Amino acid sequence: GQQLNQSPQSMFIQEGEDVSMNCTSSSIFNTWLWYKQDPGEGPVLLIALYKAGELTSNGRLTAQFGITRKDSFLNISASIPSDVGIYFCAGHQQNYGGSQGNLIFGKGTKLSVKP
Amino acid sequence: NAGVMQNPRHLVRRRGQEARLRCSPMKGHSHVYWYRQLPEEGLKFMVYLQKENIIDESGMPKERFSAEFPKEGPSILRIQQVVRGDSAAYFCASSPPFGNEQFFGPGTRLTVL
């Protein structure tokens with residue numbers, strides 16, 4: 001099945017740094033969602049994007065739905081230690097006449113603290 | 001307002017046994033999705049259900065796996081005659097009618113010995 005290409009795979013952050021990650025696809029998506037997953041837990045929804053070009057913020061997080069509908073990025077400003085975790089992009093391609101149906105996920109970007 | 005509930009959180013089975021995973025969606029949500037996650041991987045879609053209906057099961061193996069979402073009670077993902085390759089984390093998500101956002105439960109970690 002199709003997967004989204006998410007990069008980078010992993011990155012180290014120092015407190016206070018800005019962080020950027022992105023997701024690309026060869027085909028068009030109807031929505032983009034960004035999730036964070038902590039060890040042993042389920043993904044937690046951070047931001048949802050619905051229209052091409054849309055730019056949405058949630059606190060220190062900002063995400064954009066690419067104009068081509070084939071990509072999205074997530075920025076975290078002034079990172080703090082609790083930002084550590086795995087970030088997943090996910091998107092809908094299908095529409096079941098109202099509900100968007102299943103999500104396709106990227107492989108994740110793992111954020112760790114610089115030693 | 002309780003989130004998506006899943007139980008058990010951890011399940012250990014021997015090869016050949018059956019595994020039953022339960023999911024109670026958020027209040028007011030009538031759509032349920034099951035995903036599987038292997039270590040170091042993203043989540044892979046398995047099945048999408050509404051009450052008493054399977055909408056899309058294109059991600060679920062044809063044999064040994066089944067899912068239901070009855071009129072009353074939780075959604076159940078059932079794996080018969082488990083094999084070692086079934087070991088994974090299984091997540092359930094729910095969304096409201098006509099909703100695009102899916103909210104995930106804490107997952108069930110299945111280990112097959």
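Everything numeric in this text was worked out from a predicted model, so none of it was measured.

Asks: Tell me about the interface of chain A and chain B, and please be specific about residues and values.
Replies: Contact residues are listed per partner, giving 26 residues for chain A and 25 residues for chain B. Carbon and sulfur atoms supply 54% of the area that chain A and chain B bury against each other, a total of about 2,000 Å² over both sides. Our enumeration of links across chain A and chain B arrives at two salt bridges. As a salt-bridge pair, Glu41 of chain B and Lys107 of chain A come within 3.8 Å of each other at their nearest N and O atoms. Between chain A and chain B we count six residue pairs in polar contact (both at pLDDT 80 or more) in total. Of all the secondary structure elements, the ones that give two or more residues to the side of chain A that touches chain B are strand 4 (31-37), strand 5 (44-49), strand 9 (85-92) and strand 10 (103-105) of chain A. Its residues assigned to classes, the side of chain A that touches chain B comprises ten nonpolar, 14 polar and two charged.

Asks: So what's going on with the nonpolar core? Residues and values would help.
Replies: One finds Trp34, Met46, Leu77 and Tyr90 of chain B to be the most contacted residues of the largest nonpolar core, which totals 23 residues. Elements supplying a minimum of two residues to this core: strand 3 (19-24), strand 4 (31-37), strand 5 (43-50), strand 7 (65-68), strand 8 (75-79), strand 9 (88-95) and strand 11 (108-112) of chain B. Residues within four places of Tyr90 of chain B in sequence aside, it is in contact with Gln6, Leu21, Tyr35, Arg36, Met46, Phe65, Leu77, Ile79, Gly107, Thr108 and Leu110 of chain B. Ranked by size, the runner-up nonpolar core spans 21 residues in total, among them Leu4, Met11, Trp32 and Ile47 of chain A.

Asks: Which residues make up the state of the cysteines, and what values do they have?
Replies: Summed over the entire model, instances satisfying the criterion amount to two disulfides over all chains. Here Cys23 of chain A is linked by a disulfide to Cys89 of chain A, with a sulfur-sulfur distance of 1.6 Å. Highlighted residues: Cys23 of chain A in strand 3 (residues 19-24) and Cys89 of chain A in strand 9, separated in sequence by 66 residues. Of the two residues, Cys23 of chain A and Cys89 of chain A, neither departs from the other in class, the shared state being buried. Two residues, Cys23 of chain B and Cys92 of chain B, share a disulfide whose sulfurs are 1.8 Å apart. Torsion about the S-S bond of the Cys23 of chain B and Cys92 of chain B cystine: about -50°, corresponding to left-handed handedness. Of the two residues, Cys23 of chain B is situated in strand 3 and Cys92 of chain B in strand 9; the sequence distance between them amounts to 69 residues. Given a relative accessible area of 0%, Cys23 of chain B falls into the buried group. Take Cys92 of chain B: its relative accessible area is 0%, and that puts it in the buried class.

Asks: Give a detailed account of the pairing of strand 4 of chain A, specifying residues and quantitative values.
Replies: All names here are of chain A. For strand 4, the buried fraction is high: seven of the seven residues fall into the buried class. Examined bridge by bridge, strand 4 and strand 9 share seven bridges and lie antiparallel to one another. In the strand pairing of strand 9, Lys36 is matched with Tyr87. Direction of pairing for strand 4 relative to strand 5: antiparallel, over a ladder of five bridges. Counted as the bridge partner of Tyr35 is Leu45 from strand 5. The turn linking strand 4 back onto strand 5 is made up of six residues, and Gly40 within it adopts a positive phi angle of 75°.

Asks: Can you tell me about the sheet that holds strand 7 of chain B, naming the residues and giving the values?
Replies: Residues and elements named next belong to chain B. Strand order in the open sheet formed by four strands is 1-3-8-7, and the pairing between neighbours is antiparallel. Each edge of the sheet is formed by a strand with only one pairing partner; in this case those strands are strand 1 (5-7) and strand 7. When the angles between neighbouring strand axes are averaged without regard to direction, this sheet yields 15°. As judged from the three bridges shared by strand 1 and strand 3, these two strands associate in the antiparallel manner. Considered in strand 3, the bridge of Asn7 is made with Arg22.

Rules used throughout
For every chain, the first residue of the written sequence is number 1, and numbering continues from 1 along that sequence. Ligands are numbered from 1 and chains lettered from A, in the order in which they are written. It should be noted that, the model being predicted, local features are given only for residues of pLDDT at least 70 and side-chain atom pairs only at 80 or more, the latter also being counted only at that level, while totals for whole chains, interfaces and linings use all residues. Only hydrogens and water are set aside; all other atoms, that is, all heavy atoms of the structure, feed into the side-chain values. Working rule for contacts: check all heavy atoms of both residues, and any pair within 4.5 Å makes them a contact. Accessible-area loss on putting two parts together, using a 1.4 Å probe and summing over both, is the definition of buried area adopted here. We define a salt bridge as a contact between a side-chain nitrogen of Lys or Arg and a carboxyl oxygen of Asp or Glu at a distance within 4 Å. Counting of polar contacts relies on pairs of N or O atoms within 3.5 Å, with two restrictions inside protein: one atom must be capable of donating a hydrogen and the other of accepting it, and residues adjacent in sequence are counted only when both atoms are side-chain atoms. Secondary structure elements follow DSSP: runs of H or I of four or more residues count as helices, runs of E of two or more count as strands, with numbering from the N terminus. Each residue gets one of three labels, nonpolar for Ala, Val, Leu, Ile, Met, Phe, Trp, Tyr, Cys and Pro, charged for Asp, Glu, Lys and Arg, and polar for the others, Gly among them. Buried residues of nine kinds, namely Ala, Val, Leu, Ile, Met, Phe, Trp, Tyr and Cys, make up a nonpolar core once their side-chain atoms join them within 4.5 Å. Accessible area is worked out with a 1.4 Å probe on protein chains only. A residue is then buried under 20% of its type maximum, exposed over 50%, and partly exposed in between. Whenever a pair of cysteine sulfur atoms sits within 2.5 Å, that pair is classed as a disulfide. Strands are labelled as partners when DSSP assigns at least two bridges between them. Each axis is a line fitted through C-alpha atoms, and for a helix only the stretch in contact is used; angles between axes span 0 to 180 degrees, taken between their N-to-C directions.

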